[in-house]
Amino acid sequence: MAGAARRRSGLVAQDRMLEEAMAAIAEDGLAALTMSALADRLGTSGGHILYYFGSKDLLLLEALRWSEAALGEERAALLARRTAAERKLDQFLELYLPRGARDPRWMLWIELWARAPANEPLRRAQEEMDRGWQDDLERILTAGVARGRFAPVADVAARASELLALLDGLSTRVVLGQRGTDRRQALSAACSAVERLVPPL
């Protein structure tokens, strides 16, 4: 029992660190996040954080995984709803796009993309997280075509990949704060593109 309690305590501590790391990124940006700054926010030591994560890179990767896991649960709930496929697709877009220019999850994604080509573990982690979004989007498109809500799609996987690439581009523009691209405008552009790429019947 004592061992189980310690494991639960460790998981709570890790979740607290990841939550605080995401909050710090949203407030001050990724560049300002250091182990010592995070330790100050948590009222602990940098060594204590390193005990759980080993390095800043691993902390950032785990923070992104933690955030993506929560979104994965939201996607699962979305897929389980008894709503029309086009409504599910709209809600998928809303989940995917950043909440604003300081969205910490998207700041981490951009950092991961920059580092992944030279880091095999990061590349594998990226592919794993990307796969979840791809699979769920394919399910929405396949169900929509089968139920006569969307026009037939010759290659659902390719169309889903095309949509995700578009969303990545729009999301990057939002996070970088590029003029004329806030969340509302990005969502409008995404919906317009979806109507062309996955036309309703």
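Residues numbered from 1 in each chain as written. Predicted model: local features only at pLDDT ≥ 70, side-chain atom pairs only at ≥ 80, totals over all residues. Heavy atoms only, no water.

*Asks:* Is there a simple way to think about helix H2 (residues 35-42) in this case?
*Replies:* Count 3.6 residues to each turn of an α-helix, and residues three or four apart come out pointing the same way. Those residues of H2 that sit buried are Met35, Leu38 and Ala39. Along the long axis of H2, the arc covered by the buried residues comes to 100 degrees, so they all point the same way. Downstream of H2 by a residue or two, Gly43 has a phi angle that is positive, lying close to 70 degrees. (Buried < 20%, exposed > 50% of the residue type's maximum accessible area, 1.4 Å probe, protein only. Helix = DSSP H or I, 4+ residues; strand = E, 2+ residues; numbered from the N terminus. Arc of directions from axis to C-beta.)

*Asks:* Where do I start with helix H4 (residues 56-80) in this structure?
*Replies:* Under the 1.5 Å per step criterion, the end-to-end length of H4 is 36 Å for 25 residues, consistent within 8% with the ideal 36 Å. Along H4, the positions that sit buried rather than exposed are Leu59, Leu60, Leu61, Ala63, Leu64, Ser67, Glu68, Leu71, Arg75 and Leu78. (Expected span 1.5 Å × (residues − 1).)

*Asks:* Looking at this structure, how should I read the packing of helix H5 (residues 85-96) against helix H7 (residues 120-146)?
*Replies:* In a packed pair of helices, the relevant descriptors are the angle between the two axes and the axis-to-axis distance. Running from N to C, H5 and H7 cross one another at 160 degrees; their axes reach a closest spacing of 9 Å. In terms of their interaxial angle, H5 and H7 are classed as roughly antiparallel. For the crossing formed where H5 meets H7, the hand is left-handed. Contact residues: H5 offers Ala85, Lys88, Leu89, Phe92, Leu95 and Tyr96, while H7 offers Trp133, Asp136, Leu137, Ile140, Leu141 and Gly144. Partitioned by chemical class, the residues of the contact of H5 with H7 number 9 nonpolar, 1 polar and 2 charged. (Axes fitted to C-alpha atoms, helices over the stretch in contact; angles between N-to-C directions. Parallel < 35°, antiparallel > 145°, perpendicular 65-115°, else oblique. Left-handed = near helix turned anticlockwise from the far one by under 90°. Contact = heavy atoms within 4.5 Å. Nonpolar A, V, L, I, M, F, W, Y, C, P; charged D, E, K, R; others polar.)

*Asks:* Where do I start with the pattern of salt bridges in this structure?
*Replies:* Opposite charge on two side chains permits them to pair, given that their charged atoms come into close proximity. Within the structure shown, the criterion is met by 17 salt bridges. Here Asp136 and Arg75 are joined by a salt bridge, their closest N and O atoms 2.7 Å apart. Residue Asp136 is found in helix H7, and its partner Arg75 is found in helix H4; the two are separated by 61 residues along the sequence. Each member of the pair, Asp136 as well as Arg75, carries the same accessibility label: buried. For Glu86, the salt bridge goes to Arg149, with nearest N and O atoms at 2.5 Å. Linking Glu86 in helix H5 with Arg149 in the loop between H7 and helix H8 (156-175), this pair joins segments that are 63 residues apart in sequence. What makes Glu86 partly exposed here is its relative accessible area of 27%. Residue Arg149 is classed as partly exposed on the basis of its relative accessible area of 36%. (Salt bridge = Lys/Arg side-chain N within 4 Å of Asp/Glu carboxyl O.)

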